[in-house]
Amino acid sequence: MSHILIAEDEHRIASFVQKGLRAKGFTTTTVTDGDQAYRHARSDAYDLMILDLGLPIRDGMSVLRALRAERSRLPVVILTARDSVQDTVTGLQSGADDYLRKPFAFDELLARVQLRLRSTGAPPEPTVLHAGPVTLDLRTRRAQVGERWVELTAREFSLAEQFMRHPDQVLTREQLLSRVWGLDFDPGSNVIDVYVRYLRHKLGDDRIETVRGIGYRFSVD
């Protein structure tokens, strides 16, 4: 299951890319400035980064050059409004694996992402997740418990997806906040507890276990 880092400060574009990739079975994390992009890209938690060059705090080209100077092999697809030939050449010479100009068609972006992942030997992405009696269809965004269809909001679905991608593993509150709500969300918020309560009501009270002081585990048994 490939995890894509999206470094994009324009909310509309970031949301569009994130929804499209998740519908194709990818896990995504979005960051909105160059410092966050650099820190996350160095973590070895991602299989590919989609990088905007016009990021605040630290521009995307600086992030890319710093990663390549450290010999990072993370595939990077630049997605930017900069459309000159020189910008493209500079991006590729600085270590980008691909360069796509805005405005763009999502299908083209997806094809480039899939091509770069294939070249690194990443496994194909599933489109349906199964954990115990619970099934999530990532294409239709539908959930099923046994023979019963369950209506989930977009946020509930994203949280359930994270749990089901890591069955029987403990996920910390920080991990869930980062992956579902984004890094800028208040870590002191009780929003995770609220949404876990919603999911328990819809997927089964004993399905999500609280690991005191750490986070939650999605139980398959």
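Higher on the page you've got the structure.
These numbers come from a predicted model, not from an experiment.

Procedures and definitions
- Residues numbered from 1 in each chain as written.
- Predicted model: local features only at pLDDT ≥ 70, side-chain atom pairs only at ≥ 80, totals over all residues.
- Heavy atoms only, no water.
- Salt bridge = Lys/Arg side-chain N within 4 Å of Asp/Glu carboxyl O.
- Helix = DSSP H or I, 4+ residues; strand = E, 2+ residues; numbered from the N terminus.
- Buried < 20%, exposed > 50% of the residue type's maximum accessible area, 1.4 Å probe, protein only.
- Axes fitted to C-alpha atoms, helices over the stretch in contact; angles between N-to-C directions.
- Parallel < 35°, antiparallel > 145°, perpendicular 65-115°, else oblique.
- Contact = heavy atoms within 4.5 Å.
- Nonpolar A, V, L, I, M, F, W, Y, C, P; charged D, E, K, R; others polar.
- Phe/Tyr/Trp six-rings, centres within 6.5 Å; stacked < 30°, edge-to-face > 60°.
- Lys NZ or Arg CZ within 6 Å of the ring centre and 35° of its normal.
- Core = buried A, V, L, I, M, F, W, Y, C linked by side-chain atoms within 4.5 Å.

Overview of the pattern of salt bridges
By the definition in use, this model includes 13 salt bridges. K102 is the salt-bridge partner of D52, the closest N and O atoms lying 3.5 Å from each other. Taken together, the residues span a long stretch of sequence, with D52 in the loop between strand 3 (48-51) and helix 3 (60-69) and K102 in the loop between strand 5 (98-101) and helix 5 (106-119) at a distance of 50 residues. When sorted by exposure, D52 lands in the same class as K102, which is buried. Between R112 and D98 there is a salt bridge whose closest N-O contact spans 2.6 Å. Residue R112 is found in helix 5, and its partner D98 is found in strand 5; the two are separated by 14 residues along the sequence. You can call D98 buried: its relative accessible area is 10%. It is possible to trace a salt-bridge network through shared partners that takes in D98, E108, R112 and R116.

A few points about the packing of helix 7 (residues 173-181) against helix 8 (residues 191-203)
It is at 10 Å that the axes of helix 7 and helix 8 come closest, and there the two elements cross at 80°. With respect to helix 8, the axis of helix 7 lies roughly perpendicular. Of the residues in helix 8, those touching helix 7 at R173, L176, L177 and W181 are V191, I192, D193 and Y195. Class assignment for the residues of the contact of helix 7 with helix 8 results in 6 nonpolar, no polar and 2 charged.

Re the packing of aromatic side chains
Applying the stated criterion across every chain yields a total of 4 aromatic pairs. Centre to centre, the rings of Y195 and Y198 are 5.2 Å apart; their planes meet at 75°, and the pair counts as edge-to-face. On the criterion of helical spacing, the pair formed by Y195 and Y198 is a turn pair, its members being 3 residues apart in helix 8. On the basis of relative accessibility, which here comes to 39%, the residue Y198 falls in the partly exposed class. Among the aromatic residues, those joined into a ring-pair cluster are F16, F104 and F106. The positively charged end of R58 is found above the aromatic ring belonging to Y38, 4.4 Å away from the centroid. Across from the ring centre of W149, 3.9 Å away, lies the NZ or CZ of R142, which sits over that ring.

Focus: the nonpolar core
Within the largest apolar cluster, 27 residues are counted, with the highest numbers of intra-cluster contacts made by L136, L152, L159, F163, I192, L199 and F218. Elements that contribute at least two residues to this core include exactly strand 6 (128-131), strand 7 (134-137), strand 8 (142-145), helix 6 (154-165), helix 7, helix 8 and strand 12 (215-218). If we skip the residues at most four places from it in the chain, I192 touches R173, L176, L177, W181 and Y216. In this structure, A37, Y46, L51 and A96 belong to the second largest nonpolar core, which totals 21 residues.

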